[in-house]
Amino acid sequence: MEKAKFIWMDGKFLPWDEAKVHILTHTLHYGNGVFEGTRAYQTEKGLAIFRLRDHTKRLLNSAKIVKIDVPYSLEELEKVQIELLRKNGFKNNVYIRPIIFLGYGKMGLYHIGAPVQVAVASWEWGTYLGEEGLEKGIRVKISSFSRNSVKSTFGKAKVVANYLNSQMAKYEAIEAGYEEALLLDEEGFVAEGSGECFFIVRDGVLITPPNDNSLESITQATVIELAKDRGIPVERRRITRDEVYIADEAFFTGTAAEITPIREVDGRVIGNGKRGEMTTQLQADYFDVVYGRNPKYHHYLTFI
Ligand code: PPE
């Protein structure tokens, strides 16, 4: 990761190397902290954050779900992210990582009363699953792990603790020679990737599961809007593992992953084993939106 000049933490812009925490930081021990991942792209009119409001809202909703009281408003948090990008003077595309966590001062599981800390880091970040992945598609393994159960965790919250599940699934997939994991829910239906939502195409219909067992992905919502613009029929319904194998196309969506085609799942070639036609189209549409080339979606961009 490329260092940037500043990280904002608890009201101050600190030099990158000075944004530190104590070893008894509550979140480090017990996993209750919430975060976001937001991208900013270098458009013709300069750097612009994509869907800043939606990401910041989701951050505050995540905090609400896990009972963390945030000492900043939505507007204040948005302003901090904009200011941070200005101060860092980035030349390339940027990833923004706000995190709200419980700091040092209280141990034990009862977290109420632990100090709430808020930080925003940002750095220049290229493709998540590789340039080649975006173009040619990646190889995916269905995980031996079920996605975190909604009976005992909060899938709508982007909470630190959820990512043990994602990490172990990702590790397993990479160790087995694949590039990404696809997790099923406890009933065996497709849930999501380790850090992405999932789509298939069958007979011209775009299909993605409801968000019962996945994060409410902002990229997924954008892709659905773009598909509707093209008159592509969209279905939100459950997908089984065997249906994935016989899909015409498949892809992942995520802020980091953008739109990453999937060319193989568990040794089954998807479609013709290349980036599918609809995937190619939606990917191009998505990049048009984030790079400010589609005026219909300028309202999603916050220029720095
Ligand atoms: N599911 C999960 C579990 C998830 O973490 C993400 C984002 C998504 C779906 C897609 O959501 P959205 O970004 O709103 O479309 N994953 C972030 C984490 C990446 C990381 O490795 O860190 C991201 O894409 O920023």
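Each remark here, short or long, concerns the structure printed above.
Residues numbered from 1 in each chain as written. Predicted model: local features only at pLDDT ≥ 70, side-chain atom pairs only at ≥ 80, totals over all residues. Heavy atoms only, no water.

Our focus in this paragraph is the packing of aromatic side chains. A full pass over the atoms with the stated rule returns 14 aromatic pairs. Centre to centre, the rings of Phe-50 and Tyr-286 are 5.8 Å apart; their planes meet at 85°, and the pair counts as edge-to-face. Highlighted residues: Phe-50 in strand 5 (residues 46-50) and Tyr-286 in helix 8 (residues 277-290), separated in sequence by 236 residues. Using a relative accessible area of 4% as the deciding quantity, one classes Phe-50 as buried. Seen in terms of ring centroids, Phe-199 and Phe-251 are 4.8 Å apart; in terms of plane orientation they differ by 15°. Their pairing is stacked. In this pair, Phe-199 is assigned in strand 11 (residues 197-202) and Phe-251 in strand 14 (residues 249-254), connecting sequence segments 52 residues apart. Comparing Phe-199 with Phe-251 shows no difference in burial state: the two are buried. Every member of this aromatic cluster is reached through a ring pair, and the members are Tyr-41, Phe-50, Tyr-286, Phe-287, Tyr-291, Tyr-297 and Tyr-300. (Phe/Tyr/Trp six-rings, centres within 6.5 Å; stacked < 30°, edge-to-face > 60°. Helix = DSSP H or I, 4+ residues; strand = E, 2+ residues; numbered from the N terminus. Buried < 20%, exposed > 50% of the residue type's maximum accessible area, 1.4 Å probe, protein only.)

On to a negative patch on the surface, then. A surface patch of like charges, here negative, comprises Glu-131, Glu-132, Glu-135 and Glu-179. The topology assignment puts Glu-131 in helix 4 (residues 131-136). With relative accessibility at 55%, the residue Glu-131 sits in the exposed group. (Patch = residues over 30% accessible without salt bridge, like charges linked within 9 Å, V, L, I, M, F, W, Y side chains within 5 Å. Areas by Shrake-Rupley, 256 points an atom, 1.4 Å probe, with all protein chains shown as cover. Salt bridge = Lys/Arg side-chain N within 4 Å of Asp/Glu carboxyl O. Lys, Arg positive; Asp, Glu negative; His and termini not counted. Charge placed at Lys NZ, Arg CZ, Asp CG, Glu CD.)

On to the packing of helix 2 (residues 52-65) against helix 3 (residues 74-88). Two elements in contact, helix 2 and helix 3, have axes separated by 10 Å at closest approach and are oriented at 125°. Relative to helix 3, the element helix 2 lies oblique. Seen along the crossing, helix 2 lies across helix 3 with a hand that is right-handed. Counted together, Leu-52, Arg-53, Thr-56, Lys-57, Leu-59 and Leu-60 of helix 2 and Leu-74, Glu-75, Leu-77, Glu-78, Gln-81 and Ile-82 of helix 3 form the full contact between these two elements. (Axes fitted to C-alpha atoms, helices over the stretch in contact; angles between N-to-C directions. Parallel < 35°, antiparallel > 145°, perpendicular 65-115°, else oblique. Left-handed = near helix turned anticlockwise from the far one by under 90°. Contact = heavy atoms within 4.5 Å.)

The pairing of strand 8 (residues 138-146) with strand 15 (residues 258-265) spans three bridges and is classified as parallel. Bridging across to strand 15, Ile-138 finds its partner in Ile-262. Relative to strand 9 (residues 180-184), strand 8 runs parallel, the two sharing four bridges. Within strand 9, the position partnered with Lys-141 by the bridge is Ala-181. In this region the chain leaves strand 8, passes through helix 5 (residues 163-175) and returns to the parallel neighbour strand 9; the handedness of that crossover is right-handed. (Pairing = 2+ DSSP bridges. Right-handed = clockwise from strand over helix to strand, strands pointing away.)

Where helix 6 (residues 218-229) contacts helix 8, the two axes come as close as 10 Å, and the packing angle between them is 110°. When the interaxial angle is binned, helix 6 and helix 8 end up roughly perpendicular. Side by side, helix 6 and helix 8 meet where Thr-219, Thr-222, Val-223, Leu-226 and Ala-227 of the first sit next to Leu-282, Asp-285, Tyr-286 and Val-289 of the second. Among the residues forming the contact of helix 6 with helix 8, the class breakdown is six nonpolar, two polar and one charged. (Nonpolar A, V, L, I, M, F, W, Y, C, P; charged D, E, K, R; others polar.)

Here the structure, examined in full by the defined rule, presents 18 salt bridges. Linking Glu-180 and Lys-170 is a salt bridge whose minimum nitrogen-to-oxygen distance equals 3.1 Å. Here Glu-180, found in strand 9, pairs with Lys-170, found in helix 5; they are ten residues apart in sequence, far enough to count as distant. The same class applies to Glu-180 as to Lys-170, namely buried. Salt bridges here are not isolated pairs; linked through shared partners, they connect Arg-202, Glu-235, Arg-237 and Glu-243.

Nothing here speaks to function; it is all geometry.
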